[in-house]
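# Architecture and fold: a report
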2 protein chains.
Amino acid sequence: MPSYTAPIKDVQFLLHDLLDVSHNDIPGYDELEADFTGAVLEEAGKVASEVLAPLNPVGDVEGCKLENGLVSTPTGFKDAFEVMKEGGWTGLDCDPDYGGQGMPYVLNTAVGEIFSGANQAFTMYQGLTHGAYSAIHAHGTDEQKAKFLPKMVTCEWTGTMNLTESHCGTDLGLMRTKAVPQDDGSYKITGEKIFISAGDHDLSENTIHLVLAKIPGGPEGIKGVSLFIVPKYIVKDDRSLGDANGVSVGSIEEKMGIHGNATCVMVYNDSTGYLLGQEHKGMRAMFTMMNEARIGVGMQGLAQAEVAYQNAVIYAKDRLQGRAVTGAENPDGPADPIIVHPDVRRNLMDQKSFVEGGRAFLLWSANLIDRTVRADDKEADGLVSLMTPVVKGFLTDKGFDMTVQAQQVFGGHGYIEEHGMSQFVRDARITQIYEGANGVQALDLVGRKLAQDGGKHVMAFFDMVKTFIKENAEDEALKADFLEPLKQASKDLQGAGMYFMQNGMTNPNNALSGSYDFMHLFGHTCLGLMWARMAKAANAALAAGASDTAFYETKLATGRYYMARQLPATGMHLARIQTGADTVMALDAEAF
Amino acid sequence: MPSYTAPIKDVQFLLHDLLDVSHNDIPGYDELEADFTGAVLEEAGKVASEVLAPLNPVGDVEGCKLENGLVSTPTGFKDAFEVMKEGGWTGLDCDPDYGGQGMPYVLNTAVGEIFSGANQAFTMYQGLTHGAYSAIHAHGTDEQKAKFLPKMVTCEWTGTMNLTESHCGTDLGLMRTKAVPQDDGSYKITGEKIFISAGDHDLSENTIHLVLAKIPGGPEGIKGVSLFIVPKYIVKDDRSLGDANGVSVGSIEEKMGIHGNATCVMVYNDSTGYLLGQEHKGMRAMFTMMNEARIGVGMQGLAQAEVAYQNAVIYAKDRLQGRAVTGAENPDGPADPIIVHPDVRRNLMDQKSFVEGGRAFLLWSANLIDRTVRADDKEADGLVSLMTPVVKGFLTDKGFDMTVQAQQVFGGHGYIEEHGMSQFVRDARITQIYEGANGVQALDLVGRKLAQDGGKHVMAFFDMVKTFIKENAEDEALKADFLEPLKQASKDLQGAGMYFMQNGMTNPNNALSGSYDFMHLFGHTCLGLMWARMAKAANAALAAGASDTAFYETKLATGRYYMARQLPATGMHLARIQTGADTVMALDAEAF
């Protein structure tokens with residue numbers, strides 16, 4: 001059975017050496033001293049390793065069951081959910097006014113990666129609840145907030161997000177679910193939603209569904225979509241539960257992975273709903289939560305890569321096959337552990353350098369969210385808005401690839417379910433799809449975010465890279481290994497942006513044909529920047545006489561690998577982008 | 001439910017426009033007139049679409065069952081196997097002396113792709129039998145051949161290959177299975193083998209296991225391994241079946257995919273075995289079949305990419321979401337089909353250009369096998385030996401990636417099992433692992449094949465590329481779109497080879513750290529060469545007044561895409577390779 005160990009030391013390095021959180025000028029961050037974050041991460045790590053990880057294969061094998069209209073979760077999920085509630089983990093970054101602990105998003109993200117790495121399907125139950133909580137918190141009336149949030153913070157009531165219908169996913173303007181206004185100000189919701197994660201289950205007393213629907217007579221398409229709160233059981237004014245609300249589960253889906261999470265077809269039949277935010281402004285309400293939700297999915301992709309990597313390392317040190325080409329390293333044994341072989345190393349270094357670089361990118365982005373939300377920093381807002389599709393798309397694409405590489409380390413043993421490597425691959429796969437498929441992320445990046453506010457945010461990113469390189473130009477320890485490759489990557493990224501500007505006007509397909517490559521080119525550049533910064537932080541720690549020199553030396557070596565072996569991808573992406581739409585759009589649809 | 005249509009037109013183009021098989025100077029090839037191959041492919045396509053493809057999801061859902069020591073295959077497999085037998089498909093390229101049809105390997109490969117694309121797990125039963133047939137045909141005594149081959153050609157008896165044990169896969173020298181010589185010249189085989197595909201099932205009367213084992217007192221390690229024929233039931237001299245032979249199924253594995261094929265733990269308990277080939281030369285006997293077996297696995301990876309692509313195209317033309325950015329293309333509908341979107345195009349073109357280029361590479365390699373075996377062409381032998389790890393590693397890695405991309409076209413609908421896209425991904429995944437994991441292919445390529453016969457074969461490849469470019473230098477239709485990118489790719493490949501020569505002597509890890517990138521760099525160069533040749537063939541057909549201009553124009557446009565969008569990967573691979581072992585091997589094993 002696979003194991004999971006929280007990457008506490010690495011997170012601590014990022015929070016304190018890289019981001020220096022406790023000295024950030026952000027309200028609430030002064031609490032984030034290293035001792036405190038260390039203690040929180042330790043506790044989270046214990047829950048992850050001891051409670052959640054052992055249930056991961058159980059959830060995969062048993063899956064969820066729909067019987068007599070009710071969904072039951074796999075053996076042990078209920079007890080584990082109680083552990084999460086009792087530990088206060090469900091409301092870690094929620095508003096103290098509603099019973100939350102008020103911690104910054106950056107810490108919640110670090111903890112979220114730990115839970116998700118141990119058991120993605122399980123952690124989604126509270127993750128979805130958090131999404132619904134955020135929407136009500138941002139757009140609800142005081143009455144709605146008072147009514148729903150306290151029990152959502154504790155996960156006594158869980159939440160869901162209902163967007164997709166069978167004929168419309170990305171293009172929500174085609175939606176058919178209806179919301180008919182009633183005399184008492186409520187609405188009657190009727191329609192069918194699909195792919196509803198945590199749509200129904202036995203972990204909570206009530207489920208608070210957030211449902212997108214159209215009010216008859218409203219504007220056509222996406223502009224006529226509104227958001228509604230639709231509880232499974234009507235909530236009375238004293239927060240006690242009333243009648244069932246006409247919400248039922250049509251079926252649960254058989255999926256490639258995340259079997260422990262019930263993916264439901266939800267049927268709403270004259271269900272009572274309460275408008276959340278304004279009429280016809282449902283998409284806007286969704287959008288305000290989108291950065292957090294998408295960064296959260298990027299986190300999931302990274303988390304699966306981390307746990308897969310951990311298990312690949314254990315196997316590579318344990319499995320004896322062949323001899324090191326440079327001479328036996330385990331001469332008394334029948335063979336050497338496979339970690340001696342250069343191609344196994346290459347594989348593991350790909351994983352290690354991605355996971356650590358990706359985690360830096362993730363927490364750096366989470367920090368920008370805190371700056372935006374807690375310090376009202378407009379520049380941070382613009383930057384994180386630009387970065388969000390990159391965090392989501394790049395971390396999940398590469399995260400999935402890394403689970404595949406980790407599985408490969410096991411050879412045939414990785415293909416059988418027994419070792420759990422297949423589950424990491426199958427679970428990671430969904431992260432590239434939900435919360436906006438990665439092609440949609442690329443479209444958002446190139447079609448919307450690049451030009452947002454006159455291109456100000458992407459220019460700010462380039463300035464940030466340029467400034468870093470300039471400020472450290474004399475640092476010989478960074479120059480050849482980190483600054484030069486970063487400079488090249490940034491140049492490639494700018495070249496791509498330039499190509500879009502010069503060729504996208506005449507034919508937007510010239511830009512959109514390169515959107516996916518651009519997302520990856522951007523991702524590599526961001527990880528390059530993160531690695532250069534981490535290298536600087538590691539050198540500083542060593543210079544300051546840090547006792548754990550091995551940790552910092554390893555960090556530097558891992559960064560050098562990323563710069564040398566991964567950043568060359570930027571040139572390839574640029575070359576592809578510069579071929580424009582000609583070859584991409586050459587064929588008629590019939591020719592396929 | 002997914003569908004499958006045999007790519008007959010494309011195969012015919014490759015056999016006749018590209019390879020011009022019926023005019024090849026190879027014994028037996030004169031039969032391969034276009035009418036004949038067309039008829040064979042048509043028939044195979046019918047069986048594939050009507051019989052095998054509908055059973056593919058059945059096999060995935062039901063899997064195989066072990067009850068009372070016997071394995072049963074999924075519903076319908078038995079009847080379908082009868083169809084394969086009756087059609088003579090199981091012995092298509094087998095020796096007529098033993099009841100085979102004696103067709104060339106190139107045709108068998110084309111047909112194999114069709115069956116495998118429709119149902120990989122099913123097709124493996126006869127594929128494994130073919131592997132065992134080939135080993136006995138190549139190394140058996142006349143008596144052994146007469147006894148076993150006729151019923152293996154018809155698949156009345158099926159076959160298996162038993163190499164792996166739980167503690168040894170790649171490193172077979174660690175093997176523990178024993179073969180104790182008996183007075184009558186036979187051996188008693190005792191041991192446990194794992195991951196035995198088609199190890200037991202209800203499709204045939206008898207199973208002829210080929211088992212690697214060590215004769216006590218023989219040389220240590222891999223040099224002491226011998227190969228044995230171990231039938232499930234003893235075969236009497238009149239080919240009737242005698243007693244059970246102490247062969248039992250320990251368990252069947254739960255796997256990520258290919259559920260329709262029983263992957264067994266096989267237990268041999270004093271089972272009677274017959275030496276195949278010479279004592280202690282078991283690995284040599286295996287090696288003679290390895291090129292064919294590995295090319296066969298490359299074929300499987302390609303086949304899954306093809307069927308996944310076909311279904312992605314159907315979905316992309318059918319699914320309505322959003323509008324083309326350049327103006328509505330389905331103005332009367334609620335939205336445009338997603339095939340209008342540039343990033344969906346990019347995705348589909350990646351698939352299409354890989355599948356068609358990969359198929360050319362596959363059939364070109366199969367043609368080299370025929371040259372080797374039927375025309376005793378030593379140069380072809382050397383070249384295909386060099387190419388084999390590239391065919392296996394590159395076609396399966398990219399084949400898998402393409403199934404993932406095809407699944408992505410479906411968004412959330414790709415993640416649920418209903419549409420079958422998940423199965424293509426899960427089934428394709430094994431091709432990167434079995435028959436030598438792809439890291440081992442890369443090692444074989446760089447550690448063995450490159451330097452084989454003084455590097456003669458790789459030089460022959462470079463000469464082939466150079467000659468093609470030179471001979472067509474004045475062809476303006478090829479120059480910019482095909483020859484220039486091919487030249488660059490070939491230059492990158494030579495640069496990588498040069499790097500290995502200059503740096504691999506002092507430290508072999510400098511070469512081995514780049515082996516995986518080299519395999520991909522080589523694969524891209526081969527597909528580039530194939531596309532350049534196909535472009536030439538397409539231009540020639542158009543110039544000769546071929547009626548189906550759309551087919552040839554599409555071929556050219558698809559090739560241009562590959563050259564423009566995929567070949568830039570070669571520069572990235574070269575850059576990675578040239579960083580050598582320094583960053584790859586920097587860390588101690590403990591630092592992971």
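How each quantity is defined
- Residues numbered from 1 in each chain as written.
- Chains lettered and ligands numbered in written order.
- Predicted model: local features only at pLDDT ≥ 70, side-chain atom pairs only at ≥ 80, totals over all residues.
- Heavy atoms only, no water.
- Helix = DSSP H or I, 4+ residues; strand = E, 2+ residues; numbered from the N terminus.
- Rg over C-alpha atoms; globule rule 2.2 N^0.38 Å.
- Buried < 20%, exposed > 50% of the residue type's maximum accessible area, 1.4 Å probe, protein only.
- Contact = heavy atoms within 4.5 Å.
- Lys, Arg positive; Asp, Glu negative; His and termini not counted.
- Charge placed at Lys NZ, Arg CZ, Asp CG, Glu CD.
- 1 Å grid on protein atoms, 1.4 Å probe; cavity = no way out; pocket = protein on both sides within 12 Å on 5 of 7 lines; lining within 4 Å.
- Points joined across faces, edges and corners; volume = space filled by probe spheres on them.
- Nonpolar A, V, L, I, M, F, W, Y, C, P; charged D, E, K, R; others polar.
- Expected span 1.5 Å × (residues − 1).
- Bend = angle between axes of the 7 residues up to and from the residue.
- Least-squares fit on C-alpha atoms with pLDDT ≥ 70 in both.
- UniProt positions renumbered as here; feature names shortened; annotations may be inferred.
- Polar contact = N/O pair within 3.5 Å; in protein donor to acceptor, adjacent residues only side chain to side chain.
- Buried area = accessible area lost by both parts, 1.4 Å probe.
- Salt bridge = Lys/Arg side-chain N within 4 Å of Asp/Glu carboxyl O.
- Phe/Tyr/Trp six-rings, centres within 6.5 Å; stacked < 30°, edge-to-face > 60°.
- Lys NZ or Arg CZ within 6 Å of the ring centre and 35° of its normal.
- Axes fitted to C-alpha atoms, helices over the stretch in contact; angles between N-to-C directions.
- Parallel < 35°, antiparallel > 145°, perpendicular 65-115°, else oblique.
- Left-handed = near helix turned anticlockwise from the far one by under 90°.

As a further point, take the overall build of chain A. When helices and strands are counted, chain A shows 18 helices and 11 strands. By the compact-globule yardstick of 25 Å for 592 residues, chain A fits well, its C-alpha radius of gyration being 24 Å. Projected onto its principal axes, the C-alpha positions of chain A cover 80 × 60 × 55 Å. Sorting the 592 residues of chain A into buried and exposed places 65% on the buried side. Taking contacts inside chain A between residues at least 6 apart in sequence as the whole, the part at least 24 apart equals 74%. If you average the places of the 49 positive and of the 76 negative side-chain charges in chain A, the two averages end up 4 Å apart.

Let's shift gears to the layout of surface pockets. Of the pockets and cavities examined, the second largest pocket occupies roughly 1,200 Å³. If you go around the second largest pocket, you meet 46 residues; those closest to its centre are A:Glu254, A:His259, B:Asp60, B:Val61 and B:His259. Within the residue set of the lining of the second largest pocket, elements represented by two or more residues are helix H2 (34–62), strand E1 (65–67) and helix H11 (421–429) of chain A together with helix H2 (34–62) and helix H11 (421–429) of chain B. Residue classes in the lining of the second largest pocket are distributed as 17 nonpolar, 12 polar and 17 charged.

So, on to helix H5 (residues 120–139) of chain A. Here H5(A) is 20 residues long and its end C-alpha atoms lie 28 Å apart, about the 28 Å a rise of 1.5 Å per residue gives. The sharpest bend along H5(A) comes to roughly 25 degrees, located at A:Gln126.

Looking now at helix H6 (residues 142–153) of chain A. Since there are 3.6 residues in each turn of an α-helix, residues three or four apart along the chain are aligned in direction. Residues and elements named next belong to chain A. Taking 1.5 Å of rise per residue, 12 residues should cover 16 Å, and H6 covers 16 Å from first to last C-alpha, within 8% of that figure. Turning to H6, its buried residues are Gln144, Lys145, Lys147, Phe148, Leu149, Pro150, Met152 and Val153. For H6, the elements touching its buried residues are H5, strand E3 (157–162), strand E6 (206–214), strand E7 (225–231), strand E8 (233–235) and strand E11 (263–276). Where H6 terminates, the next one or two residues include Cys155, which has phi positive at roughly 65 degrees.

The transformation that overlays chain A on chain B combines an axial shift of 0.0 Å with a rotation of 180 degrees, and the residual RMSD is 0.0 Å. One copy is carried onto the other by what is essentially a two-fold rotation axis. Considering only C-alpha atoms, the residue of chain A closest to the rotation axis is A:Met572, which sits at 3.1 Å. A shared binding surface is used by both copies, with 100% of the interface residues of chain A retained as interface residues in chain B.

Before going further, it helps to examine the UniProt feature "domain: Acyl-CoA dehydrogenase/oxidase C-terminal" (unreviewed entry) in chain A. Taking the numbering used here, the UniProt-annotated feature "domain: Acyl-CoA dehydrogenase/oxidase C-terminal" (unreviewed entry) corresponds to residues 281–444 of chain A. Annotated as 75% helix and 0% strand, the span residues 281–444 of chain A places its first and last C-alpha atoms 19 Å apart.

Our focus in this paragraph is the side chain of A:Thr90. Residues and elements named next belong to chain A. Here Thr90 is to be found in the loop between helix H3 (77–86) and helix H4 (105–118). Reaching out from Thr90, the side chain makes a polar contact with the backbone oxygen of Val153 at a distance of 2.7 Å. For Thr90, the contacting residues outside a window of four places in its chain are Met84, Lys85, Gln126, Val153, Thr154 and Cys155.

Our next topic: the interface of chain A and chain B. Between chain A and chain B, the residue contacts involve 92 residues of the former and 92 residues of the latter. Interface area for chain A against chain B, summed over the two sides, is near 7,300 Å², with a carbon-plus-sulfur share of 62%. Residue B:Asp517 pairs with A:Arg565 through a salt bridge whose shortest N-O separation is 3.6 Å. If you look at where chain A meets chain B, you find 44 residue pairs in polar contact (both at pLDDT 80 or more). Broken down by element, the residue count for the side of chain A that touches chain B peaks at eight residues, all from helix H17 (residues 549–566) of chain A. Residue composition of the side of chain A that touches chain B, by class: 43 nonpolar, 28 polar and 21 charged.

We now examine the packing of aromatic side chains. Enumeration according to the criterion identifies 33 aromatic pairs over all chains in this entry. For the ring pair B:Phe361 and B:Trp364, a centre distance of 6.1 Å and an interplane angle of 25 degrees mean the geometry is stacked. Residue B:Phe361 and its partner B:Trp364 are located together in helix H8 (residues 342–375), separated by three residues, close to a single helical turn. Ring centres of B:Tyr499 and B:Phe500 lie 6.4 Å apart, and the angle between their planes is 65 degrees; this geometry places the pair in the edge-to-face category. Taking the relative accessible area as the measure of exposure, B:Tyr499 reaches 12% and is therefore buried. B:Phe500 gets classed as buried once you look at its relative accessible area, which sits at 7%. The rings of A:Phe461, A:Phe462, A:Tyr499, A:Phe500, A:Phe518 and A:Phe522 are connected pair by pair, giving a single aromatic cluster. The lysine or arginine in question, A:Lys147, covers the ring of A:Tyr274, its NZ or CZ lying 5.4 Å from the ring centre.

Another aspect to go through is the pattern of salt bridges. What the rule picks out here adds up to 52 salt bridges over all chains. As a salt-bridge pair, B:Arg576 and B:Asp517 come within 3.0 Å of each other at their nearest N and O atoms. Placement of B:Arg576 in helix H18 (residues 569–577) and of B:Asp517 in helix H16 (residues 515–543) is noted, with a sequence separation of 59 residues between them. For B:Arg576, a relative accessible area of 14% gives the class buried. Taken together, the shared-partner salt bridges connect A:Asp10, A:Glu113, A:Glu306, A:Lys352, A:Glu356, A:Arg359 and A:Lys555 into one network.

Further remarks concern the side chain of B:Ser22. All names here are of chain B. With respect to the element layout, Ser22 can be found in the loop between helix H1 (8–18) and H2. Overall, the relative accessible area of 13% leaves Ser22 in the buried class. For Ser22, the residues in contact, after removing those within four places along its chain, are Tyr29, Asp30, Leu32 and Glu33.

All names here are of chain A. It is at 11 Å that the axes of H2 and H11 come closest, and there the two elements cross at 75 degrees. In terms of axis orientation, H2 runs roughly perpendicular to H11. Mapping the contact onto sequence places Asn56, Pro57 and Asp60 in H2 and Gln423, Phe424, Arg426 and Asp427 in H11.

Residue and element names in this part refer to chain B. Its identity as a non-glycine residue notwithstanding, His280 has a phi of 65 degrees, on the positive side. Among the structural elements, His280 can be located in the loop between strand E11 (263–276) and helix H7 (282–318). For His280, a relative accessible area of 22% translates into the label partly exposed. Residues other than glycine seldom take positive phi values, yet Glu435 does so here, at roughly 60 degrees. Here Glu435 lies in the loop between H11 and helix H12 (438–449). Glu435 sits in the partly exposed class, given a relative accessible area of 32%.

Let's shift gears to the UniProt feature "domain: Acetyl-CoA dehydrogenase-like C-terminal" (unreviewed entry) in chain A. Annotation from UniProt places "domain: Acetyl-CoA dehydrogenase-like C-terminal" (unreviewed entry) at residues 461–588 of chain A. Here residues 461–588 of chain A runs as 78% helix and 0% strand, with 38 Å between its end C-alpha atoms.

Our next topic: the packing of helix H4 (residues 105–118) of chain B against H8(B). Residues and elements named next belong to chain B. Where H4 meets H8, the axes come as close as 8 Å, and the angle between the chain directions of the two elements is 145 degrees. Crossing handedness for the pair H4 and H8: right-handed. On the side of H4, the interface is formed by Tyr105, Val106, Thr109, Ala110 and Glu113, while H8 contributes Arg359, Leu362, Leu363, Ala366, Asn367, Ile369 and Asp370. A breakdown of the residues in the contact of H4 with H8 according to their chemical character gives seven nonpolar, two polar and three charged.

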